[in-house]
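Examination of the molecular architecture
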Amino acid sequence: MGDGRPYPEHGLAARDWASIPPRQLRLDQLITTKRELDLHSLLAKDSTFYGDLFPHVVQWQGSLYLEDGLHRALRAALQQRLVMHARVLDLDAR
C-alpha cells in the first residue's frame, strides 16, 4: 500500500483513459496509491455507473500503481479472483 502517487504527473484526463485498451493484471502485482477505503463505495452496486468500468493503473519504474479502482480490486479479491482487467498507462515507455 502506498500513500500518494510516486510517479510523475501524466496529464491524462478521465476521458483519455478510454483510448487505452484494458489488459489482464494479477492483483498481487498492484500497489495502491490510496490510503483510505470508503466502505460505502465498496458495497455500492452501481459504483462504476458514472465512471470507467476498468481500473486505471500506471506502470512506472517497473511497478504497477493502482491510481483508480481500489474498490473494484478489493471486490475482485473478496471474490477470490487472482486477476482483473485494467487500463495500464506505461510511463516507462514514454
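The present account deals with the structure reproduced in this document.

**Re the pattern of salt bridges**
Tallied over the entire structure, the rule returns three salt bridges. Between Glu67 and Arg5 there is a salt bridge; the shortest N-O distance is 3.9 Å. Note that Glu67 is positioned in strand β4 (residues 63-68) and Arg5 in the segment before β1 (22-26), a separation of 62 residues in sequence. Take Arg5: its relative accessible area is 49%, and that puts it in the partly exposed class. With its nearest N and O atoms 3.2 Å apart, the salt bridge here joins Arg72 to Asp68.

**What to know about the sheet that holds strand β2 (residues 30-32)**
Taken together, the five strands give an open sheet; going across it, the order is β1-β5-β3-β4-β2, and neighbouring strands pair in mixed fashion. The two strands at the open ends of the sheet, each matched to only one other strand, are β1 and β2. Between one strand and the next, the sheet's axes are offset by a mean angle of 50°, whatever the strand orientation. Where strand β3 (residues 56-60) meets strand β5 (residues 83-90), four bridges bridge the pair, whose relative direction is parallel. Bridge pairing links Val57 to Val88 in β5.

**Some points on the packing of aromatic side chains**
How two aromatic rings sit relative to each other is set out by the distance from centre to centre and by the angle between their planes. Here the structure, examined in full by the defined rule, presents one aromatic pair. Geometrically, the ring pair formed by Tyr7 and Tyr65 is tilted, given 5.7 Å between the ring centres and 50° between the ring planes. Here the residue Tyr7 occupies a position in the segment before β1, and Tyr65 occupies one in strand β4, the gap between them amounting to 58 residues. Look at Tyr7 and you get buried, because its relative accessible area is 6%. Under the relative-accessibility criterion, Tyr65 is labelled buried at 13%.

What counts as what
Residues numbered from 1 in each chain as written. Predicted model: local features only at pLDDT ≥ 70, side-chain atom pairs only at ≥ 80, totals over all residues. Heavy atoms only, no water. Salt bridge = Lys/Arg side-chain N within 4 Å of Asp/Glu carboxyl O. Helix = DSSP H or I, 4+ residues; strand = E, 2+ residues; numbered from the N terminus. Buried < 20%, exposed > 50% of the residue type's maximum accessible area, 1.4 Å probe, protein only. Pairing = 2+ DSSP bridges. Axes fitted to C-alpha atoms, helices over the stretch in contact; angles between N-to-C directions. Phe/Tyr/Trp six-rings, centres within 6.5 Å; stacked < 30°, edge-to-face > 60°.

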